[in-house]
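A look at the structure
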Amino acid sequence: MSKMISVLCLLFNLLVICQSQCPDDGNVTPSLVYLPLPIGETALIKCPVRHVEFYDVTWRKRGAKDNVLASPKFSATYNNTVHYLRIENVTESDAGVYTCSVEYAVKLLPKPSSTDPAIIDITEDQEINVGDTVELNCTLLNAAGEFNLWSKDGTALTAERTFIFPRERMSVRYEYPNYTLKIENVQEEDAGKYKCIIGSYPEAVEKSVELKVNPKN
């Protein structure tokens, strides 16, 4: 089920457009946010509903059926519990009303019959931009009391709830059955393969997630 959260209006050359679309007194509809922006610049549109980091956000341009992210000039970013739509090198054809909607999803995870420790779910591979925030989560089963850690490219980052070496932009949260690694203000060097591991080798159980970081333009 999807619920429409808000509407944002992106207008370029605002004074010209207002002559034909805005009231004479210059007032605008309160439910719309007008963003004047010169041609050729990068637009960053905020979806003004916070704390929806665990839901899928869909961006559309009014009048178009498809998600705008199908075009390479559009990208979605997430930072500090806020979702944004990024539009590179804006042109007059990009003018219009953009909407963000949040999809509330329930993920079904069948419980294995085995009583052995297991990782039954892990965050899907992520592609984000420099400066964004990302959370990598693995869901554990039959693992209460087991040793667990996060590693990056074969190097251990955490041991239980602490970091082996201090990491200024990283934090770890262990609320069984979820074991979460959070990276803020992501940088290019954070890209790589992250593994959630429970138990000790050779009996350890692990699953991995790939993090790709797009450089700043």
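Below, the structure is looked at part by part. All values reported here derive from a predicted model rather than from experimental measurement.

Reading the values: the criteria
Residues numbered from 1 in each chain as written. Predicted model: local features only at pLDDT ≥ 70, side-chain atom pairs only at ≥ 80, totals over all residues. Heavy atoms only, no water. 1 Å grid on protein atoms, 1.4 Å probe; cavity = no way out; pocket = protein on both sides within 12 Å on 5 of 7 lines; lining within 4 Å. Points joined across faces, edges and corners; volume = space filled by probe spheres on them. Helix = DSSP H or I, 4+ residues; strand = E, 2+ residues; numbered from the N terminus. Nonpolar A, V, L, I, M, F, W, Y, C, P; charged D, E, K, R; others polar. Pairing = 2+ DSSP bridges. Phe/Tyr/Trp six-rings, centres within 6.5 Å; stacked < 30°, edge-to-face > 60°. Buried < 20%, exposed > 50% of the residue type's maximum accessible area, 1.4 Å probe, protein only. Axes fitted to C-alpha atoms, helices over the stretch in contact; angles between N-to-C directions. Disulfide = S-S within 2.5 Å.

**Some remarks on the layout of surface pockets**
Each pocket or cavity is described by its volume, and for the second largest pocket that value is around 300 Å³. Forming the boundary of the second largest pocket are 18 residues, of which Ser 75, Thr 77, Arg 86, Glu 88 and Asn 129 lie nearest the centre. For the lining of the second largest pocket, the secondary-structure elements that each account for two or more residues are strand S5 (74-79) and strand S6 (82-87). Ranked by residues supplied to the lining of the second largest pocket, first place goes to S5 with four residues. Per-class residue counts for the lining of the second largest pocket are six nonpolar, seven polar and five charged.

**Observations concerning the sheet that holds strand S9 (residues 126-129)**
As summarised here, the arrangement of the five strands in space is S9-S18-S17-S11-S12, forming an open sheet in which the pairing is mixed. With one partner strand each, in any of the chains shown, S9 and strand S12 (155-156) form the two edges of the open sheet. Looking at chain direction, strand S11 (residues 148-152) and S12 are connected through two bridges and run antiparallel. By the bridge assignment for S12, Ser 151 is matched with Ala 156.

**Examining the packing of aromatic side chains**
Tallied over the full model, the rule gives four aromatic pairs. Centre to centre, the rings of Phe 74 and Tyr 98 are 6.2 Å apart; their planes meet at 40°, and the pair counts as tilted. In this pair, Phe 74 is assigned in strand S5 and Tyr 98 in strand S7 (residues 96-103), connecting sequence segments 24 residues apart. Phe 74 sits in the buried class, given a relative accessible area of 11%. Each ring, one from Tyr 174 and one from Tyr 179, has its centre 5.3 Å from the other, and the planes form 75°; the classification is edge-to-face. By relative accessible area, Tyr 174 is classed as buried at 14%. The class for Tyr 179 is buried, based on a relative accessible area of 0%. Site record: aromatic cluster; members linked through ring pairs are Trp 150, Tyr 174, Tyr 176 and Tyr 179.

**Remarks on the sheet that holds strand S15 (residues 170-175)**
With antiparallel pairing, four strands are arranged side by side in an open sheet as S8-S10-S16-S15. Both outer strands of the open sheet, strand S8 (118-122) and S15, are each paired with one neighbouring strand and no more. With direction set aside, neighbouring strand axes in the sheet form an average angle of 20°. Two strands pair when backbone bridges link them, and strand S10 (residues 134-141) and strand S16 (residues 178-183) are joined in this way by six bridges, in the antiparallel orientation. Note on S16: the bridge partner recorded for Val 134 is Ile 183.

**Re the state of the cysteines**
Evaluated as defined, the whole model comprises one disulfide. Bridging Cys 138 to Cys 196, the disulfide has an S-S length of 2.0 Å. Measuring the twist about the S-S bond at about 45°, one finds the Cys 138-Cys 196 disulfide to be right-handed. Here Cys 138, found in strand S10, pairs with Cys 196, found in strand S17 (residues 192-198); they are 58 residues apart in sequence, far enough to count as distant. On the basis of relative accessibility, which here comes to 0%, the residue Cys 138 falls in the buried class.

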